[in-house]
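Residues per chain are reported as follows:
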Amino acid sequence: MKPPFKKAARVIEKIEQAGFEAYFVGGSVRDLLLGKEINDVDIATSATPEEVKRIFPHTVDVGIEHGTVLVLEGGESYEITTFRTEGEYVDFRRPKEVSFVRSLTEDLKRRDFTINAIAMTKEGEFVDPFGGKEDLEKGILRTVGKPEERFSEDALRMLRAARFVSQLGFAVEENTYRALKESAPLLKHIAVERKLAEFTKIMTGDHVKKACEVLVSRDLYRYLPNMEAFPGQLLKAAEILRPGALDETEVWALLFLVIRKENCPRFLKEWRLPTKKIKEIYRIYDAFHDRLSKEWDLYGVYTYGLETSLSAEKIHSLWNGEELDKQLARVRELYEKLPIKSRKELQVNGNDLLLWKNKGGGKWVEEDLRRIEKAVISGEVENDKRSIKEWLMP
Ligand code: ATP
Ligand code: MG
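Description of the structure in this document. (Residues numbered from 1 in each chain as written. Chains lettered and ligands numbered in written order. Predicted model: local features only at pLDDT ≥ 70, side-chain atom pairs only at ≥ 80, totals over all residues. Heavy atoms only, no water.)

1. Brief notes about the pattern of salt bridges
Scanning the model with the defined rule gives 42 salt bridges in all. Residue arginine 343 is joined to glutamate 373 by a salt bridge in which the shortest nitrogen-to-oxygen separation is 3.1 Å. With arginine 343 in the loop between helix H16 (324-337) and helix H17 (350-357) and glutamate 373 in helix H18 (residues 363-378), this pair connects stretches of sequence that are 30 residues apart. The class for glutamate 373 is buried, based on a relative accessible area of 5%. Between lysine 357 and aspartate 368 there is a salt bridge, and its shortest N-O distance comes to 2.7 Å. With a gap of eleven residues between them, lysine 357 in helix H17 and aspartate 368 in helix H18 connect regions that are remote in the sequence. A relative accessible area of 25% places lysine 357 in the partly exposed class. Aspartate 368 gets classed as buried once you look at its relative accessible area, which sits at 6%. (Salt bridge = Lys/Arg side-chain N within 4 Å of Asp/Glu carboxyl O. Helix = DSSP H or I, 4+ residues; strand = E, 2+ residues; numbered from the N terminus. Buried < 20%, exposed > 50% of the residue type's maximum accessible area, 1.4 Å probe, protein only.)

2. Regarding the site of ligand 1
Around ligand 1 lies a shell of 13 residues, among which Arg30, Asp154, Arg157, Arg160 and Arg163 are the nearest. One of the backbone N or O atoms of glycine 27 is found 3.4 Å from an oxygen atom in ligand 1. Between ligand 1 and arginine 163, the relevant distance is 2.7 Å, taken from an oxygen atom to a side-chain nitrogen or oxygen of the residue. For ligand 1, whose accessible area on its own is 580 Å², the fraction buried by protein is 74%. Elements represented by at least two residues in the shell around ligand 1 include exactly helix H2 (27-33) and helix H7 (156-168). Split by residue class, the shell around ligand 1 holds one nonpolar, three polar and nine charged. (Near = heavy atom within 4 Å. Polar contact = N/O pair within 3.5 Å; in protein donor to acceptor, adjacent residues only side chain to side chain. Areas by Shrake-Rupley, 256 points an atom, 1.4 Å probe, with all protein chains shown as cover. Nonpolar A, V, L, I, M, F, W, Y, C, P; charged D, E, K, R; others polar.)

3. Description of the packing of helix H12 (residues 248-259) against helix H13 (residues 264-271)
Following both chains from N to C, one finds H12 and H13 inclined at 140 degrees, their axes separated by 10 Å at the closest point. As judged from the angle between their axes, H12 and H13 are oblique. Pair H12 / H13 crosses with right-handed handedness. Mapping the contact onto sequence places Trp252, Phe256 and Ile259 in H12 and Cys264, Phe267, Leu268 and Trp271 in H13. In the contact of H12 with H13, the residues fall into seven nonpolar, no polar and no charged. (Axes fitted to C-alpha atoms, helices over the stretch in contact; angles between N-to-C directions. Parallel < 35°, antiparallel > 145°, perpendicular 65-115°, else oblique. Left-handed = near helix turned anticlockwise from the far one by under 90°. Contact = heavy atoms within 4.5 Å.)

4. Examining the packing of aromatic side chains
Taken as a whole and judged by the stated rule, the model has twelve aromatic pairs. With centroids separated by 6.0 Å and ring planes inclined at 70 degrees, the aromatic side chains of tryptophan 252 and phenylalanine 267 adopt a geometry described as edge-to-face. On the criterion of sequence distance, the pair formed by tryptophan 252 in helix H12 and phenylalanine 267 in helix H13 is long-range, its members being 15 residues apart. Taken together, a centroid distance of 6.0 Å and an interplanar angle of 65 degrees make the contact between phenylalanine 256 and tyrosine 285 edge-to-face. Residue phenylalanine 256 is located in helix H12, and its partner tyrosine 285 is located in helix H14 (residues 275-293); the two are separated by 29 residues in the primary sequence. Given a relative accessible area of 0%, phenylalanine 256 falls into the buried group. Of the aromatic side chains, those joined through ring pairs into one cluster are Phe199, Phe230, Trp252, Phe267 and Trp271. (Phe/Tyr/Trp six-rings, centres within 6.5 Å; stacked < 30°, edge-to-face > 60°.)

5. Thoughts on the pairing of strand S1 (residues 22-25)
Here S1 shows two buried faces, one formed by Ala22 and Phe24 and the other by Tyr23 and Val25. Of the pairings in the sheet, the one linking S1 to strand S2 (residues 42-45) comprises four bridges and is antiparallel in character. From the neighbouring strand, valine 25 faces S2, where its bridge partner is aspartate 42. (Pairing = 2+ DSSP bridges.)

6. Some remarks on the packing of helix H9 (residues 192-204) against H12
Working note: a packed helix pair is described by the angle between its axes plus the distance between those axes. Remark: H9 packs on H12, axes separated minimally by 10 Å, with the N-to-C direction vectors making an angle of 85 degrees. Between H9 and H12, the angle is such that the two are roughly perpendicular. The segment H9 lies against H12, with Leu196, Phe199, Thr200, Met203 and Thr204 engaging Glu248, Val251, Trp252 and Leu255. For the contact of H9 with H12, the residue count by class is six nonpolar, two polar and one charged.

Here's what the structure looks like:
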């Protein structure tokens, strides 16, 4: 058994010794069967949260109302969730109540897709009542039970479908595929934050093109913030993207390029991205724009800094179908050559200028500093006080 499971098997053993059932479930079992890297293992149990807390000395209540307790064991932490069913759903997004049950099958039944509804014992045996393993082998994404019912219980599942398409490259099973289009309008009821989390995963998955085709052909994009007018642009961005090439922030910058900047303020506001992230996105966007009209030079990489310059160059290379590594190496090389990396490293500051010129402060200080920076970076003048003074006031 693989390392994260091996360690976690001790936790399951303890629960079993206390007289309850416990299994590995969800994403970790799916990823194990796919031979993918496993992040965190989730455990489901017949023990109630109170019973779990009695078994382990160190626990944290992370979501007790949903039946989840965080257990700290052997230097690791594990989310342990009590088997549950979800009562009647209200508002297409949340169950009215969750009830704890003692049956594993009942718990697996409430899960979204067959590939996510496989349990594994600590000995590595699978419990797979909905044919999840077969779907994994065939590369098929299928809801557990009737898709239209499952999507109307929680409409977010439709975006999760696109997300798994993007991450796994799977095909959506016929009925599930049909139901996506029929149920798409229910996405209106889903909070932006939940949509954002799935959209980010969609746009950074290895099969983003396939996933965006699902978003567009199934009308899901219409219920993403401010996306209604841009299906073609979304597909264009997906077409340009390459597996693993861009991170989340860079993907937003790419989206900006395809939807055009004047549309961005509204776009960003409706997606409710954090202000800091928005600033980073604009910066990459601006660097890309500068790059469109000229090759990188020392002053360019100095102005934007290494990270932003690299991000902009990545987008530029994708945009032009150029070889990524070579272009990035060139940006790094230029950055290494810079005599100063930031204004802080300049041997003169505004106070020096005020003294030298014996003038009151004003816009001229910033202008002079910028001229000095440029001269230092181009090698026209050495970065020391005397040389700079001689150069500035001959
Ligand atoms: P990841 O690798 O991104 O964590 P995951 O499959 O573990 O993927 P989670 O969001 O962590 O996804 O959810 C864990 C499990 O809970 C899923 O595998 C699935 O069984 C179930 N699940 C999560 N969200 C839903 C939902 N909206 N409806 C039904 N089941 C869900
Ligand atoms: Mg998970």
